[in-house]
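A closer look at the structure
The residues making up each chain are set out below.
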Amino acid sequence: MAVLVCGGAGYIGSHVVRTLVEAGEEVLVADNLVTGHIEAVHPRAKLYRGDLRDAGFMETLFSENKIDGVIDFAAFSLVGESVLDPLKYFENNFYGTLCLLKHMRDHKVHKIVFSSTAATYGEPENIPILENDRTLPTNPYGESKLSVEKMLKWCEIAHGIKYTVLRYFNVAGAHPSGEIGEDHNPETHLIPIILQTALGKRSKISIYGNDYSTPDGTCIRDYIHVMDLADAHILALRQLYAGQAGGIFNLGNGEGFSVKDVIQVARDVTGHPIPTEICPRRAGDPAKLVSSAEKAIRTLHWSPRFPQLEKIIVSAWNWHRNHPFGYEK
């Protein structure tokens with residue numbers, strides 16, 4: 001029986017695929033390669049290139065394989081773009097997963113781990129953020145993910161599809177081997193942008209606002225290593241295999257680091273000065289986003305292996321330094 005990883009050529013998906021393969025699992029990857037990279041797919045995983053919204057493609061995928069469980073990463077994730085083009089996000093993120101669930105129902109595949117996001121919470125009511133806090137997204141990206149979460153609930157009731165939702169915070173880092181890592185175009189994540197500056201691909205790093213109500217005036221975020229995230233997805237899937245109940249879980253380190261903190265650690269790791277420039281605040285940026293992952297630690301028996309910001313940045317630097325143009329040859 002195989003695990004189907006939708007979006008398995010993307011940043012997080014490729015790390016989960018590699019972890020599954022290394023654990024001896026038979027792995028199928030479904031990816032249209034719009035944002036994913038074929039070079040990131042482990043050679044022992046079977047790649048199906050196509051779109052979840054293509055009924056013929058999906059029927060071939062499910063008919064040719066005995067699939068026992070699904071992990072779904074197939075989504076667009078640029079917050080700013082989602083505001084400008086919300087229909088693109090609902091069509092891909094919501095309708096794509098709807099099509100996936102139809103084929104799971106028809107082929108009697110009853111286990112799915114869904115990749116969600118802290119963007120489902122919107123402006124936080126409390127710090128740290130708990131799973132039962134209010135969900136009120138402030139952008140279409142978060143809304144599309146929350147809509148899928150609600151759809152999953154009703155599919156479990158109607159069709160017996162057991163699910164686990166993982167809402168994660170700022171993912172960073174790379175595989176310890178340095179063979180796969182983060183490569184987005186455009187790049188919007190803080191740590192890769194900082195490291196691109198260290199490599200001379202950017203002249204400086206922009207700090208958007210230094211007058212927040214935080215110790216150094218810059219925004220605080222919760223960073224989680226991509227390999228810790230991969231471990232959590234596999235633990236969640238195995239619990240579903242064991243017949244245990246799913247649920248909704250935050251994934252983060254429970255500790256916040258400011259923009260200036262991250263830049264300083266990157267300076268220490270890389271040995272580069274990394275110039276900065278203070279810019280006006282961006283609309284909608286909360287001062288502080290930090291998760292509580294106690295539920296995942298308690299229920300999934302998840303234990304992050306790389307909670308230190310320095311280790312996260314060391315692994316990211318190892319990837320970026322050796323692949324300054326990402327997967328591009």
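Reference entry: report on the structure contained in this document. (Residues numbered from 1 in each chain as written. Predicted model: local features only at pLDDT ≥ 70, side-chain atom pairs only at ≥ 80, totals over all residues. Heavy atoms only, no water.)

Thoughts on the packing of helix H6 (residues 190-198) against helix H10 (residues 309-322)
Any two packed helices are characterised by the angle at which their axes cross and by the distance between the axes. Direction vectors running N to C along H6 and H10 enclose 55°, while the axes themselves pass 10 Å from each other. Viewed along their axes, H6 and H10 adopt a mutual orientation that is oblique. The handedness of the crossing between H6 and H10 comes out as right-handed. Residue-level inspection shows Ile-191, Pro-192, Leu-195 and Ala-198 of H6 in contact with H10, the latter providing Leu-309, Ile-312, Ile-313, Ala-316, Trp-317 and His-320. Its residues assigned to classes, the contact of H6 with H10 shows nine nonpolar, one polar and no charged. (Axes fitted to C-alpha atoms, helices over the stretch in contact; angles between N-to-C directions. Helix = DSSP H or I, 4+ residues; strand = E, 2+ residues; numbered from the N terminus. Parallel < 35°, antiparallel > 145°, perpendicular 65-115°, else oblique. Left-handed = near helix turned anticlockwise from the far one by under 90°. Contact = heavy atoms within 4.5 Å. Nonpolar A, V, L, I, M, F, W, Y, C, P; charged D, E, K, R; others polar.)

Some words on the sheet that holds strand E10 (residues 247-251)
Taken in spatial order, the seven strands of this open sheet run E3-E2-E1-E4-E5-E6-E10, and their pairing is parallel. Each of the sheet's edge strands pairs with one partner strand only, and the pair in question is strand E3 (46-49) and E10. In this sheet, adjacent strand axes meet at a mean angle of 20° when their direction is disregarded. Bridge count for strand E6 (residues 162-168) against E10 is five bridges, and the pairing is parallel. Paired with Thr-164 across the two strands is Gly-247, which belongs to E10. Its contacts with the sheet place helix H4 (residues 86-106) against strand E1 (2-6), strand E4 (67-72) and strand E5 (111-117), and it is angled at close to 170° to E5. (Pairing = 2+ DSSP bridges.)

Concerning the environment of Glu-310
The residue Glu-310 is located in helix H10 in this model. In this structure the C-alpha to C-alpha distance between Glu-310 and Ala-245, which are 65 residues apart in sequence, comes to 35 Å. Those residues in contact with Glu-310 that lie beyond four places of it in its chain are Val-265 and Val-269.

Focus on the pattern of salt bridges
Counted by the stated rule, this structure contains twelve salt bridges. The closest approach of N and O atoms between Glu-179 and Arg-18, which form a salt bridge, is 2.7 Å. In this pair, Glu-179 sits in the loop between strand E7 (170-172) and H6 while Arg-18 sits in helix H1 (residues 11-22), placing the two residues 161 residues apart along the sequence. When its relative accessible area of 9% is taken as the criterion, Arg-18 is described as buried. For Arg-305, the salt bridge goes to Asp-231, with nearest N and O atoms at 2.9 Å. Of this pair, Arg-305 sits in the loop between helix H9 (294-299) and H10 while Asp-231 sits in helix H7 (residues 226-241), placing them 74 residues apart in sequence. A relative accessible area of 44% places Arg-305 in the partly exposed class. One continuous salt-bridge network, built from bridges that share partners, spans Asp-51, Arg-53 and Glu-91. (Salt bridge = Lys/Arg side-chain N within 4 Å of Asp/Glu carboxyl O. Buried < 20%, exposed > 50% of the residue type's maximum accessible area, 1.4 Å probe, protein only.)

Brief notes about the packing of aromatic side chains
Centre-to-centre distance and the angle between the planes together describe a pair of aromatic rings. Using the criterion set out here, one finds two aromatic pairs in the structure. Taken together, a centroid distance of 5.8 Å and an interplanar angle of 55° make the contact between Phe-76 and Tyr-89 tilted. Here Phe-76, found in the loop between E4 and helix H3 (79-84), pairs with Tyr-89, found in helix H4; they are 13 residues apart in sequence, far enough to count as distant. Assigned by exposure class, Phe-76 and Tyr-89 land together as buried. Look at Trp-319 and Tyr-327: their rings are 4.9 Å apart centre to centre, the planes differ by 50°, and that puts the pair in the tilted class. Among the residues examined, Tyr-327 registers a relative accessible area of 8% and is labelled buried. A cation sits over an aromatic face here: Lys-88 above Phe-76, 4.7 Å from the ring centre. (Phe/Tyr/Trp six-rings, centres within 6.5 Å; stacked < 30°, edge-to-face > 60°. Lys NZ or Arg CZ within 6 Å of the ring centre and 35° of its normal.)

Digging into the pairing of E6
Counting buried positions along E6 yields six of seven residues, so the element is predominantly enclosed. Relative to E6, E5 is paired through seven bridges, and the arrangement is parallel. Within E6, the residue paired with Thr-117 across the bridge is Tyr-168.

Here's the deal with the side chain of Asp-31
Tracing the backbone through its elements, the reader meets Asp-31 in strand E2 (residues 26-31). Summary of buried charges: Asp-31 has no salt-bridge partner, and the nearest side chain of opposite charge, Arg-49, is 7.4 Å away. There is a polar contact of 3.0 Å between the side chain of Asp-31 and the backbone nitrogen of Ala-9. (Lys, Arg positive; Asp, Glu negative; His and termini not counted. Polar contact = N/O pair within 3.5 Å; in protein donor to acceptor, adjacent residues only side chain to side chain.)

Everything listed is a geometric property; what it means functionally is a separate question.
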